[in-house]
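Working through the structure, step by step
Letter by letter, the chains look like this.
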Amino acid sequence: MNELKKKIKLFISEKIDITNLADTDDMFKQGFVNSLFAMELVMFVENEIGVKVENKDLMLDNFRSVCAIEKFIMSKK
Amino acid sequence: MKIEKTGVVGAGIMGTGLALTLLLYGKTVFLIDSDKSKLEIFENDLIKNIRFQILFNAEWKDIVPDKLKHNLITSTNPEILNSADYIIENVTEDWEIKKELWEKLDSICKKETIFASNTSAIPITKQASVTKRPDKVIGIHFMNPVPLKPVVEVIKSELTSDETIKNTLSFLEEIGKRGILINDAPGFVSNRVLMLTINEAFYLLQEGTASISEIDEIFKTCFGHKMGPFETADLIGLDTILLTLKVLKDNLKDNKFTPCPLLRTVVDKGFFGAKNKKTIYQYFNLNN
């Protein structure tokens, strides 16, 4: 597993139990998290990864799963 | 009637949700509260909250959060509402507080200004009667969370004019809400039924018929509700539920609105729900 993915999973695991969460699972659809967690993910990407999330990037699709977050960050680097 | 300058009284959950909605739809918002710290929290979190709304509604993609901040004016002094076209109060469900507020605003505001009460249960006619503009007083029962709920109850009193109703419905449309117009009665439609449901859920819990999560699950899975009565109560505020039940009992003189002793106990112990992060679910994890 790459470092970025590890970092993302570590952040999520601090908030929720990710034992049964696959990297491609939609956390919102499957009820792992509530909608407020979406904003925490945005703050994580900005403050801990250092990637600015522009208005146009503020889409739930960019934050739905571990893979989606990774893909979004990579697209910004 | 063009409504650009809006006044929001009360910076609690409903007041701030409403202020945020009005800002998102380009209105100027004068937000007042006697508690300065509530206003500061709202101002400090505003950019974050606007971004949160953009995340869930692509309609607001082009909004520049910093720009909206300039459309917000906060104060502890109600005098700043003197130029507002439309005022919506969201203060505590306490008749004396609302009465005093309307009397004061009646003397401060322009004579054309419409007064709307986002009350949970206090009749609109009663509120209108303490002003010199009863034809311009109306009820709007916004739902929580305000930015995400597209439908509201609009309550006309015996005294509300057709013009006020028309202006209110078009104003609501401008801020993305559809109003369902109903007649005045304590608790209107939604809270008259909802408060009894939540109160009965507390009785079921008190009697040991089912657990808190079982009761919520029945509502969610059997009825398809998004939330069960306890989750709803946590979102609204357990203290607000208690207060609303008391208002309903006072106004309707019907004992069926007597608050369940368990609800009283929970509130007496300081569990108000999501607003103070002491929910009914936490109460039972701590006590059972």
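This one's a predicted model, so the numbers in the text were calculated from it and none came from an experiment.

It is worth spelling out the packing of helix H1 (residues 3-15) of chain A against helix H3 (residues 66-76) of chain A at this point. Residues and elements named next belong to chain A. Relative to each other, H1 and H3 sit at 130°, their axes nearing to 10 Å. For the element pair H1 / H3, the angle class is oblique. The interaxial crossing formed by H1 with H3 has right-handed handedness. Contacts from Leu 4, Lys 5, Ile 8, Lys 9 and Ile 12 in H1 reach Val 66, Ile 69, Glu 70 and Ile 73 in H3.

Our focus in this paragraph is the interface of chain A and chain B. Contacts between the two partners involve eight residues from chain A, matched on the other side by seven residues from chain B. Partitioned by chemical class, the residues of the side of chain A that touches chain B number five nonpolar, two polar and one charged.

Let us now look at the pairing of strand S4 (residues 86-89) of chain B. Residues and elements named next belong to chain B. Residues of S4 alternate between two faces, with Tyr 86 and Ile 88 on one and Ile 87 and Glu 89 on the opposite face, all of them buried. The pairing of strand S1 (residues 5-9) with S4 spans four bridges and is classified as parallel. If you follow Thr 6 over to S4, its bridge partner there is Tyr 86. Note: S4 against strand S5 (residues 114-117), four bridges, orientation parallel. Within S5, the position partnered with Glu 89 by the bridge is Ser 117. Where the polypeptide runs from S4 across helix H4 (residues 95-108) and back to S5, its parallel neighbour, the crossover connection is right-handed.

With that settled, consider helix H9 (residues 229-236) of chain B. Here H9(B) lies mainly inside the structure; seven of its eight residues are buried. Of the residues trailing H9(B), B:Gly237 is marked for its positive phi of about 115°.

Here we take up the confidence of the model for chain A. Residues of chain A with pLDDT of at least 70 account for 97%, and the chain-wide mean is 88. Across chain A, element-level confidence peaks in H3(A) with a mean pLDDT of 94 and bottoms out in helix H2 (residues 36-49) of chain A with 90.

All names here are of chain B. Structurally, Cys 260 is set in the loop between helix H10 (238-252) and helix H11 (261-268). A sequence separation of 259 residues divides Cys 260 from Met 1, and the C-alpha atoms of the two residues are 45 Å apart. Look past the residues within four positions of Cys 260 in its chain and what remains in contact with it is Asn 199, Phe 202, Tyr 203 and Gln 206.

So, about the pairing of S1(B). All names here are of chain B. Among the five residues in S1, four count as buried, and that is most of the element. The pairing of S1 with strand S2 (residues 28-32) spans five bridges and is parallel. Residue pairing in the sheet places Val 9 in a bridge with Ile 32 of S2. Tracing the backbone out of S1, into helix H1 (residues 13-24) and back to the parallel element S2 gives a crossover that is right-handed.

A few words now on H11(B). Residue and element names in this part refer to chain B. Among all positions in H11, only Leu 263, Val 266 and Val 267 are buried. Viewed end-on, H11 has its buried residues packed into an arc of 95°, placing them on one side of the element. The outward face of H11, more than 90 degrees from its buried face, is lined by the exposed residues Pro 261 and Asp 268. Following H11 by one or two positions, Gly 270 adopts a phi angle in the positive range, close to 90°.

It is worth spelling out the domain arrangement of chain B at this point. Residues and elements named next belong to chain B. When cut into domains, chain B gives domain 1 (5-183) and domain 2 (191-281). In this structure, domain 1 and domain 2 have C-alpha centres spaced 26 Å apart. For the side of domain 1 that touches domain 2, the per-class residue count stands at four nonpolar, two polar and one charged.

Once that is clear, we can look at the nonpolar core. Residues and elements named next belong to chain B. Of all hydrophobic cores here, the largest spans 60 residues; its most connected members are Ala 19, Leu 31 and Ile 87. Looking at this core, the element that brings in the most residues is H1, giving seven residues. Leaving out residues up to four positions away in the same chain, Ile 87 has contacts with Gly 7, Val 9, Leu 81, Leu 105, Cys 109, Thr 113, Phe 115 and Ala 116. In terms of nonpolar packing, the next biggest core, distinct from the first, is built from 26 residues, Ile 236, Phe 272, Ile 280 and Tyr 283 among them.

So, about the sheet that holds S5(B). Residue and element names in this part refer to chain B. If you walk across this open sheet you meet the eight strands as S3-S2-S1-S4-S5-S6-S7-S8, and the pairing is mixed. The open sheet is flanked by strand S3 (72-75) and strand S8 (178-183), the only strands paired with a single partner. Averaged over all neighbouring strand pairs, the angle between strand axes comes to 25°, with direction disregarded. The strands that H4 touches are S1, S4 and S5; relative to S4, the one it contacts most, it runs at about 165°.

Conventions used here
The residue numbers shown here count from 1 along each chain, following its written sequence. Each chain is given a letter, starting from A, and each ligand a number, starting from 1, according to the order in which they appear as written. A pLDDT threshold of at least 70 governs which residues receive local features in this predicted model, and a stricter bar of 80 or more applies before side-chain atom pairs are shown or counted, although totals over entire chains, interfaces and linings include all residues. For every element, the axis is a line fit to its C-alpha atoms; helices are fit only across the contacting stretch, and the angle between N-to-C directions ranges from 0 to 180 degrees. The helix and strand labels rest on DSSP assignments: H or I over at least four residues marks a helix, E over at least two residues marks a strand, and numbering proceeds from the N terminus. Each angle gets one of four labels, with under 35 degrees taken as roughly parallel, over 145 as roughly antiparallel, 65 to 115 as roughly perpendicular, and the rest as oblique. With the far helix as reference, a near helix turned anticlockwise by less than a right angle produces a left-handed crossing, and one turned clockwise produces a right-handed crossing. Any pair of residues counts as being in contact when their C-beta atoms, constructed from backbone geometry, are within 7 Å of one another. Think of it as three bins: nonpolar holds Ala, Val, Leu, Ile, Met, Phe, Trp, Tyr, Cys and Pro, charged holds Asp, Glu, Lys and Arg, and polar takes everything else, Gly as well. With C-beta atoms placed from the backbone, the exposure class of a residue follows from how many other C-beta atoms lie within 10 Å of its own: 20 or more, buried; 12 or fewer, exposed; in between, partly exposed. At least two DSSP bridges between two strands are needed for those strands to be called paired. For crossovers, right-handed means that the path from the first strand over the helix to the second runs clockwise, given strands pointing away from the viewer. pLDDT expresses, on a scale from 0 to 100, how confident the predictor is about each individual residue. By arc we mean the arc of the directions from the helix axis to the C-beta atoms, nothing more. An automatic or database domain assignment provides the domain bounds reported here. To form a nonpolar core, buried Ala, Val, Leu, Ile, Met, Phe, Trp, Tyr and Cys residues must be joined through C-beta atoms within 7 Å.

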